[in-house]
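# Chain and residue survey
Spelled out, the chains give:
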Amino acid sequence: MSAANPPTRPVPESAPYKVPSLGYRILMAGFRVVISFVVLIALPVAALAFVRSRGIPIPVPIEAVTAWGIVLIVLSAARYVLKPTAAYGPLSIAVSGVFLAYLYYLVLLSPYQFVLPGGTASIAAGYSLFLEALMIVPVMEIIAGVLTTIEDLAWPKERLPFDYPV
Amino acid sequence: MAALVVPTHRTPPGIYRAARALRWVAVILLVLALIFVATVAYSAYETAHATVESRSLSGVSVANGEIDISGSFSLTNPGIYPIQSLTFTAHVANDSGVPLTSAAVGPQTINAGSTGQFPITLLVPVNESGAAQSLLFKDQYLEIAAWANVTYAYFFPLAVTLTESRSWGAPFEGFTASAGTPTFSDGVVSAPVTIDWANHASFTEQGALTYTVDSASRMVCGSGSFPVNVPAGQPFNETEPVALSASCSPIGGEVLVGYTFDGSTTQFPPEPIP
């Protein structure tokens, strides 16, 4: 190394950071799985089952909610465990892409049409506008995932001191 | 060697900061969206279970050639989001599906924590013969179809379709008007005119029935009137002699009856005299 060949970018290699062990990351991912399971599967399925128990058709199959939820939970857990690696960016894109596809799938099912027990009233409830607005969330996550992927390809491990500061 | 030391900076690179900012904004938006959905669900539940709807029928009357059914309904919105763009349309048809009348309300907004009152008036023209006129004389079932469209909490359009079948009690159920055989007495030709019906409507009929006895050539042979005060559910049956003009025979003619209430007259279809 010499002054004639300086680094083109100040890389904080000497910045202190500490990547948690794989076991710790798996443990924490497990906690996140529990929370994600409640939010993505347990609560929606309970709500759908409640509606169905009242004799009202449900807007989305319980099996579909469960399947989309499992895919999202598994990918999210993998992303968390692999956050110190170059797979983090692509996995972020994958998680957000699945989330985006999930929202699109739900949009296709809108409006939610059902007939109240007794048959005298039918209701059509639209929610596509809200879901379309919500799609901005995974789109932003995908862009963030692309940026992270580019960063990891161009400057591997550059982000680790900021992701895992001591 | 000092030149080989890579300067360490504690400010993250721009691309890292951009990605992190995007993730934070996305997470904040997602959390806000979840809170919004939860509050919308709670608010909608409250709205649906507090005072979903109250309906009142303020009056049914027959006047000016129309059956006037007026009422109102109210919607209470105890939730925390407004009910916007409320439109309500009702169509009434007879049991054969023939449209009789319709009414529309809106668009209106019911703000959070307030109640909206919506008057509805259904006017059914009954002066001309047809399906609508049968409402005067024939008990029947009416098919009521109503559509309500609203937007709840800015994002959620809701369309409600209600259909129900309601019995209709005719105010002049089984109405008949007949003229009997003319008789000659004390130099006067007269014929008994009998009018009867049952008031199956929900209101008391007041006013007068005026009638003419016409010849086959549509000359007026005689006329008269009955005062009317028939409570709901009661029958009316009156006979009175009417003096006929000389040389005017009601045979083959008809009895024309009009119901006068509140200064206006609703004409009934002619009853032929055999």
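Each value, and the rule that gives it
- Residues numbered from 1 in each chain as written.
- Chains lettered and ligands numbered in written order.
- Predicted model: local features only at pLDDT ≥ 70, side-chain atom pairs only at ≥ 80, totals over all residues.
- Helix = DSSP H or I, 4+ residues; strand = E, 2+ residues; numbered from the N terminus.
- Rg over C-alpha atoms; globule rule 2.2 N^0.38 Å.
- Buried ≥ 20, exposed ≤ 12 C-beta atoms within 10 Å, placed from the backbone.
- Contact = placed C-beta atoms within 7 Å.
- Axes fitted to C-alpha atoms, helices over the stretch in contact; angles between N-to-C directions.
- Parallel < 35°, antiparallel > 145°, perpendicular 65-115°, else oblique.
- Left-handed = near helix turned anticlockwise from the far one by under 90°.
- Domains from an automatic or database assignment.
- Nonpolar A, V, L, I, M, F, W, Y, C, P; charged D, E, K, R; others polar.
- Pairing = 2+ DSSP bridges.

Our next topic: the overall build of chain A. Broken down by element type, chain A carries six helices and two strands. Relative to the globule expectation of 15 Å for 166 residues, the C-alpha radius of gyration of chain A, 22 Å, shows a markedly less compact shape. Every one of the 166 residues in chain A was classed for burial, and the buried ones make up 23%. Counted over contacts in chain A with a minimum sequence separation of 6, partners at least 24 positions apart contribute 69%.

Moving on to the overall build of chain B. Counting its regular elements, chain B contains two helices and 16 strands. The C-alpha atoms of chain B give 34 Å as radius of gyration, which overshoots the globular expectation for 274 residues (19 Å, by more than 25%). Considering only C-alpha atoms, chain B reaches an extent of 145 × 30 × 30 Å along its principal axes. Buried positions account for 23% of the 274 residues belonging to chain B. Considering only residue pairs separated by 6 or more positions, chain B has 63% of its internal contacts joining residues 24 or more positions apart.

A word on the packing of helix α5 (residues 136-154) of chain A against helix α1 (residues 14-49) of chain B. Packed helices, taken two at a time, are described by their axes: the angle between them and the distance between them. Look at α5 of chain A against α1 of chain B: their axes get within 8 Å of each other, and the N-to-C directions meet at 160 degrees. The angle between α5 of chain A and α1 of chain B falls in the class roughly antiparallel. In the packing of α5 of chain A onto α1 of chain B, the handedness of the crossing is left-handed. Facing I136, V137, M140, E141, I143, A144, L147, T148, I150 and E151 of chain A of α5 of chain A, the residues of α1 of chain B in contact are I15, Y16, A18, A19, L22, R23, V25, A26, L29 and L30 of chain B.

Let's shift gears to the domain arrangement of chain B. Residue and element names in this part refer to chain B. Each domain of chain B was delimited in the assignment, giving domain 1 (54-168) and domain 2 (173-272). A straight line from the C-alpha centre of domain 1 to that of domain 2 covers 35 Å. Each partner contributes to the interface: domain 1 provides 14 residues, whereas domain 2 provides 13 residues. With five residues, strand β1 (residues 54-63) is the single largest residue contributor to the side of domain 1 that touches domain 2. When its residues are assigned to classes, the side of domain 1 that touches domain 2 shows five nonpolar, seven polar and two charged.

The next point concerns the sheet that holds strand β4 (residues 99-110) of chain B. Ordered in space as β1(A)-β2(A)-β7(B)-β6(B)-β3(B)-β4(B), the six strands form an open sheet in which the pairing is antiparallel. Either end of the sheet is taken by a strand with one partner, and the two such strands are β1 (112-115) of chain A together with β4 of chain B. Within the sheet, the average angular offset between the axes of one strand and its neighbour, ignoring direction, is 10 degrees. Across 13 bridges, strand β6 (residues 140-152) of chain B lies against strand β7 (residues 156-168) of chain B in antiparallel orientation. The partner of Y152 of chain B across the bridge, within β7 of chain B, is F156 of chain B.

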